[in-house]
Amino acid sequence: MPLESGQRAATRPLPGDPVRREYVHRPIVDDILVSSWRRLDDSHFSVTAQWPTDHGYFTVNQDGRHLILIGETIRQAGLLLSHTELGVPVGHHFILGDLIFATHSPHLDAGDRATPLTIDVVCSQMRMRAGTLTSGRFDMTLRSAGRIVATGHSHVTVTSPAVYRRIRGERLTARRAPGPLPASVPPQLTGSATAHDVLLSPTDRPDRWLLRIAPDHAAVVNPANDHVPGMVLLDAAQQAAHALTAPDGFVPYALGTEFLRYAEHGTPCVIEARWVPPALPCTRMVQVTGLQDGEPVFVSTLTALDARG
């Protein structure tokens, strides 16, 4: 049950205002992907975004990495609209129930230019209290140059700081403790550019790893988080599927994740991957599960076209 949090804003933002870090819960400006928004009606919105060419972590040019970029774009767009149009004060907490998305261009390539996007957003199943969103579903269609490049949706629940304090109890002040970083799986095995990006540490089984997070990785580590962020778990799932299937060339076009519990700091998180029967003809599927103390934290399913014919 990954959560997003920020700090309280002084005034209500307006379309045309710059997208501030606290609207997308990113501590670094260079990690902000969304750039503007506007309301079409009470449940329809339009968001613009731009995918960078030289970010390093959020990149479109590596097999599988485009899924993390799509997932982060959907996450940021939902947070932005919640704070700017749906009455959620910055400082409230977002509990992500699921995140499901698919790319319509498995081999996206931005070339040497940033990729501008328009995102059509439909909000449904919305519950409001005193003008503030408390839960809802966001469906999104991402377009580049008028062409659909991805679709996806997520369910979120929003809680006030007081409610969140009751939910988290003593874990509210938990932070990642410093310590030696475990050895990484070879970057090429996970589809990562460098060992710094690798989220998996090897075990004695080829289908099981331990989650590892470089403490100084600014795109992964948010010092304000009292648990492991959901996007880290999504990337760990993508990397585990890549490692399990290497060198088959398994390039997923869809990723669906259900978040079941918070991934806590200080507790080893085991990542397991396995082949599962495909839900669609001519596809292959890998299921990745994260566990802490033997209990599932998240379950991801990744789908790729079956290149074997």
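No experiment lies behind these values; they were computed from the predicted model shown.

Caption draft 1: Just the overall build of the protein, in detail. A tally of helices and strands in the protein yields five helices and 13 strands. Taking 309 residues into account, the globule formula puts the C-alpha radius of gyration at 19 Å, and the protein, at 19 Å, falls close to it. Seen through its C-alpha atoms, the protein measures out along the principal axes to roughly 50 × 50 × 35 Å. Within the protein, the proportion of its 309 residues that are buried is 52%. The long-range share in the protein, meaning contacts at least 24 apart out of those at least 6 apart in sequence, stands at 66%. Element-wise, carbon and sulfur atoms account for 54% of the exposed surface of the protein, whose accessible area totals about 13,700 Å². Taken as two groups, the 28 positive and 30 negative side-chain charges of the protein have centres that lie 5 Å from each other.

Caption draft 2: Local environment of the confidence of the model for the protein. Predicted confidence across the protein gives a mean pLDDT of 89, with 90% of residues reaching 70 or more. Taken as a whole, residues 5–10 scores under 50 in pLDDT and shows 16 contacts with residues more than four places along the chain or in a different chain.

Caption draft 3: A look at the side chain of H93. Relative to the helices and strands, H93 resides in strand 4 (residues 93–103). Residue H93 is classed as buried on the basis of its relative accessible area, which comes to 10%. Here the side chain of H93 touches G91 through a polar contact of 3.5 Å, landing on its backbone oxygen.

Caption draft 4: Inspection of the pattern of salt bridges at higher detail. On inspection of all chains with the given rule, the structure shows 14 salt bridges. One salt bridge connects D207 with R205, and the closest N-O pair in it is separated by 3.0 Å. Accessibility expressed as a relative area gives 22% for D207, which makes it partly exposed. You can call R205 partly exposed: its relative accessible area is 32%. Of the charged contacts in the structure, one is a salt bridge between R208 and E272, with a shortest N-O distance of 2.6 Å. Pair noted here: R208 is in strand 9 (residues 208–211) and E272 is in strand 11 (residues 270–276), with a separation of 64 residues, a long-range link. Since its relative accessible area comes to 25%, R208 is described here as partly exposed.

Caption draft 5: Just the packing of aromatic side chains, in detail. Summed over all chains, the structure comprises two aromatic pairs. In this arrangement the basic side chain of R168 is found over the ring face of Y262, its NZ or CZ atom lying 4.3 Å from the centre.

Caption draft 6: Representation of unusual backbone geometry within the structure. The step from A246 to P247 runs through a cis peptide bond, and the omega angle for that step is 0°. Tracing the backbone shows P247 in the loop between helix 5 (230–245) and strand 10 (252–259). The phi dihedral of Q125 is positive, around 50°, even though this residue is not glycine. Mapped onto the elements of the fold, Q125 is located in strand 5 (residues 115–129).

Caption draft 7: Spotlight on the pairing of strand 5. Sheet analysis places strand 3 (residues 44–51) next to strand 5, joined by eight bridges and oriented antiparallel. The residue of strand 5 that forms the bridge with V47 is I119. Relative to strand 6 (residues 132–144), strand 5 runs antiparallel, the two being bridged by ten bridges. Bridging from a neighbouring strand, S124 pairs with R137 of strand 6. Connecting strand 5 to the next strand, strand 6, in antiparallel fashion are two residues, including A130 with a positive phi near 55°.

Caption draft 8: Broad picture of the nonpolar core. Ranked by internal contacts, the top residues of the largest apolar core, which has 73 residues, are V34, V47, V121, L142, L211, I271 and V288. The contact partners of V288, leaving out residues within four places of it in the chain, are A237, A240, A241, I271, E272, A273, F298, V299, S300 and L302.

Caption draft 9: Structural context of helix 5. In this model, helix 5 (16 residues) spans 23 Å end to end at C-alpha, consistent with the 22 Å of a helix rising 1.5 Å per residue. The element helix 5 is largely enclosed, with a buried count of 15 among its 16 residues.

Caption draft 10: Layout of the environment of L99. Structurally, L99 is set in strand 4. Spatially, the C-alpha atom of L99 lies 8.4 Å from that of F259, the residues being 160 residues apart in sequence.

Caption draft 11: Here's a closer look at the pairing of strand 9. Alignment of strand 8 (residues 200–202) against strand 9, held across three bridges, turns out to be antiparallel. Of the residues in strand 9, the one forming a bridge with S201 is L210. The loop that links strand 8 with its antiparallel partner strand 9 comprises five residues. Where strand 9 meets strand 11, three bridges bridge the pair, whose relative direction is antiparallel. Considered in strand 11, the bridge of R208 is made with E272.

Conventions and cut-offs
Residues numbered from 1 in each chain as written. Predicted model: local features only at pLDDT ≥ 70, side-chain atom pairs only at ≥ 80, totals over all residues. Heavy atoms only, no water. Helix = DSSP H or I, 4+ residues; strand = E, 2+ residues; numbered from the N terminus. Rg over C-alpha atoms; globule rule 2.2 N^0.38 Å. Buried < 20%, exposed > 50% of the residue type's maximum accessible area, 1.4 Å probe, protein only. Contact = heavy atoms within 4.5 Å. Areas by Shrake-Rupley, 256 points an atom, 1.4 Å probe, with all protein chains shown as cover. Lys, Arg positive; Asp, Glu negative; His and termini not counted. Charge placed at Lys NZ, Arg CZ, Asp CG, Glu CD. pLDDT = per-residue confidence, 0-100. Polar contact = N/O pair within 3.5 Å; in protein donor to acceptor, adjacent residues only side chain to side chain. Salt bridge = Lys/Arg side-chain N within 4 Å of Asp/Glu carboxyl O. Phe/Tyr/Trp six-rings, centres within 6.5 Å; stacked < 30°, edge-to-face > 60°. Lys NZ or Arg CZ within 6 Å of the ring centre and 35° of its normal. Pairing = 2+ DSSP bridges. Core = buried A, V, L, I, M, F, W, Y, C linked by side-chain atoms within 4.5 Å. Expected span 1.5 Å × (residues − 1).

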